[in-house]
Amino acid sequence: MAAGTSTVFLLMVNGQVESAQFPEYDDLYCKYCFVYGQDWAPTAGLEEGISQITSKSQDVRRELVWNFPIDVTFKSTNPYGWPQIVLSVYGPDVFGNDVVRGYGAVHVPFSPGRHKRTIPMFVPESTSKLQKFTSWFMGRRPEYRDPKVVAQGEGREVTRVRSQGFVTLLFNVVTKDMRKLGYYTGPADTHSIPVPSVPQ
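About the cut-offs
Residues numbered from 1 in each chain as written. Predicted model: local features only at pLDDT ≥ 70, side-chain atom pairs only at ≥ 80, totals over all residues. Heavy atoms only, no water. Phe/Tyr/Trp six-rings, centres within 6.5 Å; stacked < 30°, edge-to-face > 60°. Buried < 20%, exposed > 50% of the residue type's maximum accessible area, 1.4 Å probe, protein only. Pairing = 2+ DSSP bridges. Helix = DSSP H or I, 4+ residues; strand = E, 2+ residues; numbered from the N terminus. Core = buried A, V, L, I, M, F, W, Y, C linked by side-chain atoms within 4.5 Å.

## Describing the packing of aromatic side chains
Line of reasoning, step 1. In total, this model carries 12 aromatic pairs according to the counting rule given.
Line of reasoning, step 2. Where Tyr 32 meets Phe 34, the ring centres are 5.9 Å apart and the plane angle is 80°; that geometry is what we call edge-to-face.
Line of reasoning, step 3. Tyr 32 sits in the buried class, given a relative accessible area of 4%.
Line of reasoning, step 4. On the basis of relative accessibility, which here comes to 1%, the residue Phe 34 falls in the buried class.
Line of reasoning, step 5. Seen in terms of ring centroids, Trp 82 and Phe 110 are 5.1 Å apart; in terms of plane orientation they differ by 50°. Their pairing is tilted.

As structure tokens, this is what we get:
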């Protein structure tokens, strides 16, 4: 390989966990972490964080605003296992216990630039009325031991879940040396991206 030829590319991500809509709940905080493939490694910044507690705005939108910063840089040799951000939102129940109010995940956008994503959130559900009552009474709601399971497909299909709320993220994405390795992340351009033929 020629001297000075790059064998890795960089993905720089900053932005913020901007806000959330959870009509039934208030006084919530958010945790985030990144999930990525084995060829990926963080080189700078933080790959997880926890926000402050925020209350609903007093205007008609009743929005929960965190504006919690994200700033991380990854290096990799190939795009397989492209990073996802996993969000977990928590807040108090009627007994004052912190319980999960929503999980969600989204891939970091593939193309450089500024991106806004609204992520639908969900919570695991008890499978029977007795379990629902017991978990409510004991103040222990179903939740994942490791929130990173949200970004993986295995085992998720056996979990009963309920949709609940939305979280809005802002991403600023910069890539370096992807073109040198033969990867194109710009706008769709039929002259630049080979389109695989579909067998008839």
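## Some details on the pairing of strand 9 (residues 161-176)
Line of reasoning, step 1. Both strand 1 (residues 9-21) and strand 9 contribute to a ladder of 11 bridges, which runs antiparallel. Each residue of the ladder has a partner; that of Ala 20, found in strand 9, is Val 167.
Line of reasoning, step 2. Bridge analysis of strand 8 (residues 113-124) against strand 9 gives 11 bridges, and the strand direction is antiparallel. When the sheet's bridge partners are listed, Ile 119 is paired in strand 9 with Val 167.

## Some words on the nonpolar core
Line of reasoning, step 1. Counting residues in hydrophobic clusters, the biggest one holds 31 residues, and the most contacted among them are Val 17, Phe 22, Trp 66, Ile 85, Leu 87, Val 167 and Leu 169.
Line of reasoning, step 2. Of all elements in the fold, only strand 1, strand 2 (29-35), strand 5 (64-76), strand 6 (84-92), strand 8 and strand 9 reach the threshold of two or more residues within this core.
Line of reasoning, step 3. Per element, the largest residue contribution to this core is 6 residues, and it comes from strand 5.
Line of reasoning, step 4. With 10 residues, the next largest nonpolar core counts Cys 33, Val 35, Val 86 and Ala 151 among its residues.

## Structural notes on unusual backbone geometry
Line of reasoning, step 1. Even without being glycine, Asp 27 reaches a positive phi, approximately 55°.
Line of reasoning, step 2. Mapped onto the secondary structure, Asp 27 falls in the loop between strand 1 and strand 2.
Line of reasoning, step 3. Since its relative accessible area comes to 33%, Asp 27 is described here as partly exposed.
Line of reasoning, step 4. Of note, the phi angle at Asn 67 is positive, near 45°, even though the residue is not glycine.
Line of reasoning, step 5. Here Asn 67 shows up in strand 5.
Line of reasoning, step 6. Residue Asn 67 is classed as partly exposed on the basis of its relative accessible area of 40%.

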